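Below are the chains, spelled out letter by letter.
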Amino acid sequence: MLVCVQVDKQQQSKDSVYFRDGMRRIDFVLSYIDDKDGEKKQDRRKEFEANLEKAGLELETEDKSESEDGRTYFLKIHVPWEVLATYADVLKIKVPFKTNDITDKKDVPMSWLCTPYRLPEHVMQPEPDYFTATFDKSKIDFFLIEDKETFFPPSTRNRIVYYILSRCPYSKEDKDKKGIKRLLNNGTYAAAFPLHDSRYWTRSRDANCESERYALYKYWARFSRFYKEQPLNLIRKYYGEKIGIYFAWLGFYTEMLTYAAVVGLLCFIYGVASFDENVWSKEICNKTIGGQIVMCPLCDKKCGYWMLSTTCSSSWQSYLFDNTATVFFAIFMGIWVTLFLEFWKRRQARLEYEWDLVDMEEEQQQLQLRPEYETKCTHRRLNRVTQEMEPYLPLTSKFARSVLSGATVLFWISLIIASIIGVIAYRLAVFAAFASIMKDSPTNKLDVVGSLITPQLATSVTASCINFVIIMILNFLYERVAIKITDMEVPKTHVEYENKLTVKMFLFQFVNYYSSCFYVAFFKGKFVGYPGDYAYMFGKWRNEECEPGGCLIELTTQLVIVMVGKQVWGNIQEALVPWLCNWWVSRSARNHPESLYSRWEQDHDLQSFSQLGLFYEYLEMVIQFGFITLFVASFPLAPLLALMNNILEVRVDAWKFTTQFRRPVAAKVHNIGAWNEILNMIAVFSVVTNVMLCIYPIQSQWAAIFLLQRPGSSWGFGALLKGTSVVVLKVKRALYIHSPHLQPLPDLRLKLTTFGLRVRLSNH
Ligand SMILES: [Ca+2]
């Protein structure tokens, strides 16, 4: 008998997501290490687990002797049908009651063209389409329940367990001491996570197990699948709507980037092709024109006069990014941004229908009060609508907290601005030094080193690097501060918490990443004064001048360094770091392949998915979105760079979620939240910056020398660009008029039927 059990266990434990009886599914796992002086912790655990059992959960503990390191206990949690039904009712979870019998299959012409990008149907549609209604415990017969054990999908089950865990008290004396989060913070438990359903590289041996993780890895989370569509329904089923919407958005953004990248590339090719017709550069390089023009010294003491023709080659370089096509591209991007936002709104609305999020009610949000809010708000008041007492924060306290957090954000933003002024001072000081090194060589040495490296370029490259390092350090510190002050504000719901944090972090990041670009684009070289009457910073350093070709080429350098640096660094941080950590943690298990390495231990060794995990993913992409829209007039290749990064990004993120992280608790959201408004804000901003970028180069020195003598060549563009905003508005209006989501979609009809049924149901 003993042998039999042993064999059974051996067979099961590598893959099984069930209790020892092989029947009850493990919905959540808690782990802890039993340390010697942990009596207090032991008491808390005892009380907590007793309360969990009181709430109806079933527990099973794996002894530490079973674990790989011999120190870790694993507590497995199963939630039985009764509890599921109760909480599904409380949380107003929607469940199927009828299969969708309305078929609206459209035959898309030329659909065979898309076949290489398609995934098999069972991956794209992992479950049939249902009509759904809010679960009601008293009307169980109404719903499509075949098997009570599998009626609620794993993502719903883990959501329910997490809801219970985050509200379960753990102290007899103090009723306010509750929730798994606090227990994790004070080290009572080491980890709490739902289980992945199989190993990612192979199907589970257990026939009852869906092995969705394996399917995700096979069809989605590999780089070799980069040209395939994403199985969004499966992602949503496995990870929940929140992560599903992120990947839908990322995929959509990448798709739209393709158009911008192609047009940007064409503009660049135009620059290369029309290279020979570049009159400015020809005249600068011409010995009788550029060779005759003597320019004033770039710095006060050591610099000498120089010939305009020495900047011959750099003027050719800057022509590549600064020509007529650039202006066209800036206008194009203005329209592109508008289309992007409008089409995303539609896509999002579609997803809301398809994923059944349309009538995710407000009261449901109310029910999802953050446990921290419940405990920190000691005041209670009567809600007149529900006639229930609910916690609230007094207005004065709320106000004080908001002011304090606002002040903190301002303080940190001013810190960045101070550091940027520091970098400018560095530029001025170093530029004087560089210029004096090259001072004797306007005619001879510059041909050797100076033809590629002008003092301006050398300064701007080093300054960009320093700037990048400062950006990274400030980022690191501010992240911690932002979380602290958002906690302090005690937002009511998770959604509110995230939106507050999003806005805080974004404001900071916006200044942090873009300010140096703004400086180069709009301030540098604009306040230099005139020969004989130069302007000085702090009365000491002469204000910087742009390169003779204008500041645009410097902006391009800056953009490339920050953008490429950030993307390379981001991918290293995102993929390499978790991979290395996992590799290190699981090394002992790999060394003993004969030993049992159970499902929960494998997942325990993975990286934990932080609550803010998705926030950083969005932030990274939105900052990139800013780079390609705000300064696109200076660098038409930026969308192409972004596109290449994003094709990689989709798969890196997918790979990371599927293989390197523990399974996140499924969460529901309507849309991408505060990011929608932030994207809109960037879009408005980008029209302004691009207009300005296209007007400003006129002030460059060449222009001063050549253009003003030839009026009419570039001046029209400013007006043209002001026209862009008009065009953008027109496009927007046209889209509204022809918007299909104003007409009732077939989907909408379905939902209305559902709604009617629900009304009838609740009237029973
Ligand atoms: Ca990412």
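Residues numbered from 1 in each chain as written. Predicted model: local features only at pLDDT ≥ 70, side-chain atom pairs only at ≥ 80, totals over all residues.

### Here's the deal with the sheet that holds strand β6 (residues 191–193)
With antiparallel pairing, four strands are arranged side by side in an open sheet as β2-β3-β1-β6. The sheet is open, and its two edges are formed by β2 (58–62) and β6, each paired on a single side. Going from strand to strand, the sheet's axes swing by 20 degrees on average, the running direction of each strand aside. (Pairing = 2+ DSSP bridges. Helix = DSSP H or I, 4+ residues; strand = E, 2+ residues; numbered from the N terminus. Axes fitted to C-alpha atoms, helices over the stretch in contact; angles between N-to-C directions.)

### Regarding the UniProt feature "transmembrane region" (unreviewed entry) in the protein
Under the feature "transmembrane region" (unreviewed entry), the UniProt entry names residues 246–273, 325–344, 409–437, 457–478, 618–638 and 678–698. Overall, residues 457–478 shows 100% helix and 0% strand. The separation of its end C-alpha atoms is 31 Å. Helix makes up 67% of residues 618–638 and strand makes up 0%, while its end C-alpha atoms are separated by 19 Å. (UniProt positions renumbered as here; feature names shortened; annotations may be inferred.)

### Thoughts on the nonpolar core
Among the nonpolar cores identified, the biggest contains 90 residues, and L559, F631, V632 and A638 are the most heavily contacted of them. When neighbours within four sequence positions are excluded, F631 is seen to be in contact with C517, A521, L555, L559, T689 and L693. By size, the runner-up hydrophobic cluster in this structure holds 33 residues, among which are F74, Y87, Y170 and L183. (Core = buried A, V, L, I, M, F, W, Y, C linked by C-beta atoms within 7 Å. Buried ≥ 20, exposed ≤ 12 C-beta atoms within 10 Å, placed from the backbone. Contact = placed C-beta atoms within 7 Å.)

### Thoughts on the environment of K175
Relative to the helices and strands, K175 is located in the loop between α6 (154–165) and α7 (180–185). The exposure class of K175 is exposed, given the 9 C-beta atoms found within 10 Å. The sequence separation of K175 and T375 amounts to 200 residues, and the corresponding C-alpha distance is 9.4 Å.

### Digging into the packing of helix α8 (residues 212–219) against helix α9 (residues 232–239)
The interhelical angle for the contact between α8 and α9, taken along N-to-C directions, is 145 degrees, at an axis separation of 10 Å. Considering the relative orientation of α8 and α9, their crossing is left-handed. The residues of α9 that touch α8, namely those facing E212, R213, A215 and L216, are L234, I235, K237 and Y238. Of the residues that constitute the contact of α8 with α9, the class distribution is five nonpolar, no polar and three charged. (Left-handed = near helix turned anticlockwise from the far one by under 90°. Nonpolar A, V, L, I, M, F, W, Y, C, P; charged D, E, K, R; others polar.)

### Brief notes about the environment of S211
Within the secondary structure, S211 is located in the loop between β6 and α8. Along the chain, S211 and S198 lie 13 residues apart, while their C-alpha atoms are 5.3 Å from each other. Once residues within four sequence positions are removed from consideration, S211 is found in contact with D197, S198, R203 and S204.

### Structural notes on α6
Residues that lie three or four places apart on an α-helix share one face, since the helix turns once every 3.6 residues. In this model α6 runs 16 Å from its N-terminal to its C-terminal C-alpha over twelve residues, within 8% of the 16 Å that 1.5 Å per residue would give. Of all the twelve residues making up α6, nine are buried; the element is thus mostly covered by neighbouring parts of the structure. Every buried residue belonging to α6 is among P154, S155, T156, R157, N158, R159, I160, V161 and L165, and all of these are buried. (Expected span 1.5 Å × (residues − 1).)

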